[in-house]
Amino acid sequence: MAGRTARLVLLAGAAALASGSQGDREPVYRDCVLRCEERNCSGGALKHFRSRQPIYMSLAGWTCRDDCKYECMWVTVGLYLQEGQKVPQFHGKWPFSRFLCFQEPASAVASFLNGLASLVMLCRYRTSVPASSPMYPTCVAFAWLSGR
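So, a few notes on the structure that sits alongside this text. (Residues numbered from 1 in each chain as written. Predicted model: local features only at pLDDT ≥ 70, side-chain atom pairs only at ≥ 80, totals over all residues. Heavy atoms only, no water.)

1. So, a nonpolar patch on the surface
On the surface, Val109, Phe112, Leu113, Leu116, Leu119, Val120, Met121 and Trp144 cluster together into a nonpolar patch covering about 760 Å² of accessible area. Ranked by residue count, the leading element in the nonpolar patch is helix α7 (residues 105–128), at seven residues. Within the element layout of this structure, Val109 appears in helix α7. (Patch = residues over 30% accessible without salt bridge, like charges linked within 9 Å, V, L, I, M, F, W, Y side chains within 5 Å. Areas by Shrake-Rupley, 256 points an atom, 1.4 Å probe, with all protein chains shown as cover. Salt bridge = Lys/Arg side-chain N within 4 Å of Asp/Glu carboxyl O. Helix = DSSP H or I, 4+ residues; strand = E, 2+ residues; numbered from the N terminus.)

Structure follows, in structure tokens:
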């Protein structure tokens, strides 16, 4: 019991010491996001944002707040570069330019190909292994979960 309590205390202490990426902690970034949300993400401004947002962006789940974070990320990156500093990470990721609705197109393509490979292997598995096999349901469930 004492060991479990000690582990919980250590875990809580580590969580308290953890913080976001350097860019997330930047006051310029935080202020920019707050101002952008106040200006664009409520009332009539939100309706205006939604009316000018491309359909593919809304279908991909990009919100007004996400758009503010994206725009403010580049404002902050510009300031870092202007001061001759290294580009910081934001939300645990390096800044990438958005292409259509993908902020990291290479990662999106890799994820799609991974899902496609899982689907192909699932189809092969289902045609070559009888459904009465003991681990069949487990393997099929794993393939569906890992391919997403």
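2. With respect to the packing of aromatic side chains
Counted according to the given criterion, the structure contains three aromatic pairs. Relative to Trp74, the ring of Tyr70 lies with its centre 6.4 Å away and its plane at 75°, an arrangement referred to as edge-to-face. Within this pair, Tyr70 and its partner Trp74 are both found in helix α6 (residues 64–82), separated by four residues, close to a single helical turn. Ring centres 5.6 Å apart and planes at 20° place the aromatic pair Tyr125 and Tyr136 in the stacked group. Within this pair, whereas Tyr125 is found in helix α7, its partner Tyr136 is found in helix α8 (residues 136–146), the two being separated by 11 residues in sequence. Among the residues examined, Tyr136 registers a relative accessible area of 12% and is labelled buried. (Phe/Tyr/Trp six-rings, centres within 6.5 Å; stacked < 30°, edge-to-face > 60°. Buried < 20%, exposed > 50% of the residue type's maximum accessible area, 1.4 Å probe, protein only.)

3. Let's talk about the nonpolar core
In terms of nonpolar packing, the biggest core is built from 16 residues, with Tyr29, Cys64, Cys72, Met73 and Phe90 touching the most fellow members. Only α3 (27–40), α4 (43–52) and α6 provide two or more residues apiece to this core. Per-element accounting of this core gives the leading share, six residues, to α6. With residues up to four places along the chain from it excluded, the contact list for Phe90 reads Ser21, Gly23, Asp24, Tyr29, Met73, Thr76, Val77 and Pro95. (Core = buried A, V, L, I, M, F, W, Y, C linked by side-chain atoms within 4.5 Å. Contact = heavy atoms within 4.5 Å.)

4. Some details on the state of the cysteines
Scanning the entire structure with this criterion turns up three disulfides. For Cys36, the disulfide goes to Cys68, at an S-S distance of 2.1 Å. Torsion about the S-S bond of the Cys36 and Cys68 cystine: about -75°, corresponding to left-handed handedness. Remark: Cys68 occurs in helix α6 and Cys36 occurs in helix α3; sequence separation between them is 32 residues. Taken individually, Cys36 and Cys68 each receive the classification buried, so the pair is uniform in this respect. In this model Cys41 forms its disulfide with Cys64; the gap between the sulfur atoms is 2.0 Å. Because the torsion about its S-S bond is -85°, the bridge between Cys41 and Cys64 counts as left-handed. Linking Cys41 in the loop between α3 and α4 with Cys64 in helix α6, this pair joins segments that are 23 residues apart in sequence. (Disulfide = S-S within 2.5 Å.)

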